[in-house]
Amino acid sequence: MENDTPERIQPDYKAQAKRQLSGNWGIAIGFTLIYAFIPIILISLITVITVINLTYDINIQSVSYVVTILVSPLALSSVIFYSRLSKKKKVSVGTIFSGFKYLIASSVIYLVLNGLMIINGLVAIYSSRDGIFLSLVMAIVTCFITLYYRMSYYIIAVEDNISVTKALAKSKKNMYGHKMELFLLELSYIGWVFVSLVTLGIALLWIVPYMELTLANFFLNNYQPEAEQLY
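Let us look at the structure shown here.

About the cut-offs
Residues numbered from 1 in each chain as written. Predicted model: local features only at pLDDT ≥ 70, side-chain atom pairs only at ≥ 80, totals over all residues. Heavy atoms only, no water. Salt bridge = Lys/Arg side-chain N within 4 Å of Asp/Glu carboxyl O. Helix = DSSP H or I, 4+ residues; strand = E, 2+ residues; numbered from the N terminus. Buried < 20%, exposed > 50% of the residue type's maximum accessible area, 1.4 Å probe, protein only. Axes fitted to C-alpha atoms, helices over the stretch in contact; angles between N-to-C directions. Parallel < 35°, antiparallel > 145°, perpendicular 65-115°, else oblique. Contact = heavy atoms within 4.5 Å. Nonpolar A, V, L, I, M, F, W, Y, C, P; charged D, E, K, R; others polar.

**Remarks on the pattern of salt bridges**
Now for step 1: Inspection of every chain in the model, using the stated rule, returns two salt bridges.
Now for step 2: Across the pair E186 and R150 runs a salt bridge whose closest N-O atoms are separated by 2.6 Å. Of this pair, E186 sits in helix α8 (residues 179-187) while R150 sits in the loop between α5 (132-147) and α6 (152-158), and the two are 36 residues apart along the sequence.
Now for step 3: In this structure E186 comes out as partly exposed when scored by relative accessible area, which is 26%.
Now for step 4: According to the relative accessible area criterion, R150 is partly exposed, its value standing at 22%.
Now for step 5: K170 is paired through a salt bridge with E159; the nearest N and O atoms lie 3.1 Å apart. Highlighted residues: K170 in helix α7 (residues 164-175) and E159 in the loop between α6 and α7, separated in sequence by 11 residues. Accessibility assignment for this pair places K170 and E159 in one class, buried.

So, in structure tokens, the structure goes:
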């Protein structure tokens, strides 16, 4: 017996992003500039503290932890900004601070998404030449594991007051069957990475909004919150 259920047609997320950015390039580029500028300030601060540490007894590792906690909400702020833009809601550069409302949640998710990658990087650094293949395999496995939880930021942004554990669990559930789609979608931007290198990073002002809005369209299309919240 034939299945009468119509096959779901996936939207063209990139085409959507181009349409949504029309008339919004200025605010998107401005947001990208500030988003990039804040970590530069923090890195400069670490450098200064490192120099001071040569004279005074300052725990540079503790400072690094503090900076990580401060940087992690920026990723959530970016998600909130592009989620609003995707939904045709009002956006502003001030959205850069919106992620700090969820400081603890964003920090935990940041550690979940980056912890495995950091561990894998350490293994690659300290492994022998014979361990290069193992490191490569670990990198691939780690990449696909983290894909399960990539939707967590969007769930936190859309569903107000949801716990981190529930956000991670919902992300894992909703990413079933979509991991390879997300992987290929992100891989499709590799050509733009080379363009950014040729332009000494200047092209990123246009590439980052295009890519981030494409991903926002992907995640929001594949996840339906229980109740739409204002953020």
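So that's the structure; there's more coming.
**Considering the packing of α8 against helix α10 (residues 204-221)**
Now for step 1: It is at 11 Å that the axes of α8 and α10 come closest, and there the two elements cross at 170 degrees. Classified by the angle their axes make, α8 and α10 are roughly antiparallel. Between α8 and α10, the residues in contact are E181, L182, L185 and E186 and T214, L215, F218 and F219, respectively.
Now for step 2: Across the contact of α8 with α10, the residue classes tally to five nonpolar, one polar and two charged.

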